[in-house]
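# Understanding the architecture of this molecule
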Amino acid sequence: LTPFSASEDMRSSWQGKAGRSPLQALYESDQFEQSSLQAVHQQRREMLSNVCSRYTRKRRLLQPDDLRHLVVDDTHGLLYCYVPKVACTNWKRVMMVLTGQGKYQDPLGIPAHEAHVPSNLRTLSEYSVPEINYRLRSYLKFVFVREPFERLVSAYRNKFTLSYNTAFHKRYGTKIIRRHRQRPSDRALERGDDVRFEEFVYYLLDPRTQQEEPFNEHWERVHSLCHPCIIHYDVVGKYETLAEDANYILQLVGADTSVKFPSSSKTTRTTDDMTAQFFQDISPFYQRRLFNLYKMDYLLFNYSIPSYLRIR
């Protein structure tokens, strides 16, 4: 597949017909009164645009492979870039309800593992270049983001501290322990199920890690998964305001009022306080290096440097 131009096609994707984005067209209609929520989303888009223009020197061409995280809903004209550890299971469930032609009624009725079966949802990378460009131009595009270190600790806890994630222990845990633990036991080398957070940090910062293969999507930076400086998102939702942002998007695309975003009842979710505890044992030197690794996500999505970091 030939790459498509990020400049003209992406610019027009933001502007839509007659130089207006789908969101702007909605703003100008009587459907929605100007609200504080609209102002918030306008502010987030402007922030994103400003940071992009400041830090991205040259525009590159998007390849279809860049679009594997963009889930398509052709019924409602919707593109969702999913980011693991940012309510993506529930968003995929909602997308299955929206695209399922009545097959699914209730997002929570869909088992979590079903939501991650690739054949249940189409991604933009599966379309032809003209079809891709059409959807980027005319569909409502959204992404959900989260405080980067909170997301990182959430990924670590989920993939390395739960006994059932044996695939991650074998695939990543054994390698991390082999490289970053002095005198590991034979058991640890074989099972990889007791990776310490500081070893995970060393693995992320090891130059060999990204030379060998891209980061796993659970700890890859949002800007590398969703390309927000090339694809102009109409809505940037935040994990911290998940319920209202999710309802806002469903309202914007005219989803059936029976479709509700599942409310979170998880008491185990990673919080700021919990994240701070994980960073207690990480030296300021490695805190600084890790922050630099995720710095673009902090800047693009307007997250401040966490107060628990000792890098000032």
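Everything numeric in this text was worked out from a predicted model, so none of it was measured.

## Some remarks on the sheet that holds strand β4 (residues 235-238)
One open sheet holds the 4 strands; their spatial order is β1-β2-β3-β4, and the pairing between them is mixed. With one partner strand each, in any of the chains shown, β1 (70-73) and β4 form the two edges of the open sheet. Mean inter-strand twist for the sheet, computed between neighbouring axes without regard to direction, equals 25°. Direction of pairing for strand β2 (residues 78-81) relative to strand β3 (residues 140-145): parallel, over a ladder of 4 bridges. Across the sheet, Tyr80 pairs through a bridge with Phe142, a residue of β3. The strands touched by helix α13 (residues 242-252) are β2, β3 and β4; relative to β3, the strand with the most contacts, the crossing angle is about 170°.

## Considering empty space enclosed by the protein
One pass over the full model with this rule turns up 1 cavity of 30 Å³ or more. Approximately 40 Å³ is the volume attributed to the largest cavity. Val145, Arg146, Pro148, Arg151, Val222, Tyr294, Asp297 and Phe301 are the residues that line the largest cavity. Here the lining of the largest cavity is built from residues that sort into 5 nonpolar, no polar and 3 charged.

## Some words on the packing of aromatic side chains
Under the counting rule described, the total for this entry stands at 28 aromatic pairs. Measuring from centroid to centroid gives 4.7 Å for Trp91 and Phe142, while their planes differ by 55°, and the two rings are tilted. Taken together, the residues Trp91 in helix α4 (residues 88-99) and Phe142 in strand β3 connect sequence positions 51 residues apart. Residue classification places Trp91 among the buried positions, given a relative accessible area of 0%. Stacked on the ring of Phe168, the Lys or Arg Lys159 has its end atom at 4.8 Å from the ring centre. Geometry around Tyr172 places Arg171 over its ring, the cationic atom sitting 4.6 Å from the centre.

Reading guide: rules and limits
Residues numbered from 1 in each chain as written. Predicted model: local features only at pLDDT ≥ 70, side-chain atom pairs only at ≥ 80, totals over all residues. Heavy atoms only, no water. Pairing = 2+ DSSP bridges. Helix = DSSP H or I, 4+ residues; strand = E, 2+ residues; numbered from the N terminus. Axes fitted to C-alpha atoms, helices over the stretch in contact; angles between N-to-C directions. Contact = heavy atoms within 4.5 Å. 1 Å grid on protein atoms, 1.4 Å probe; cavity = no way out; pocket = protein on both sides within 12 Å on 5 of 7 lines; lining within 4 Å. Points joined across faces, edges and corners; volume = space filled by probe spheres on them. Nonpolar A, V, L, I, M, F, W, Y, C, P; charged D, E, K, R; others polar. Phe/Tyr/Trp six-rings, centres within 6.5 Å; stacked < 30°, edge-to-face > 60°. Buried < 20%, exposed > 50% of the residue type's maximum accessible area, 1.4 Å probe, protein only. Lys NZ or Arg CZ within 6 Å of the ring centre and 35° of its normal.

Everything listed here is a matter of coordinates, which is why it stays silent on function.
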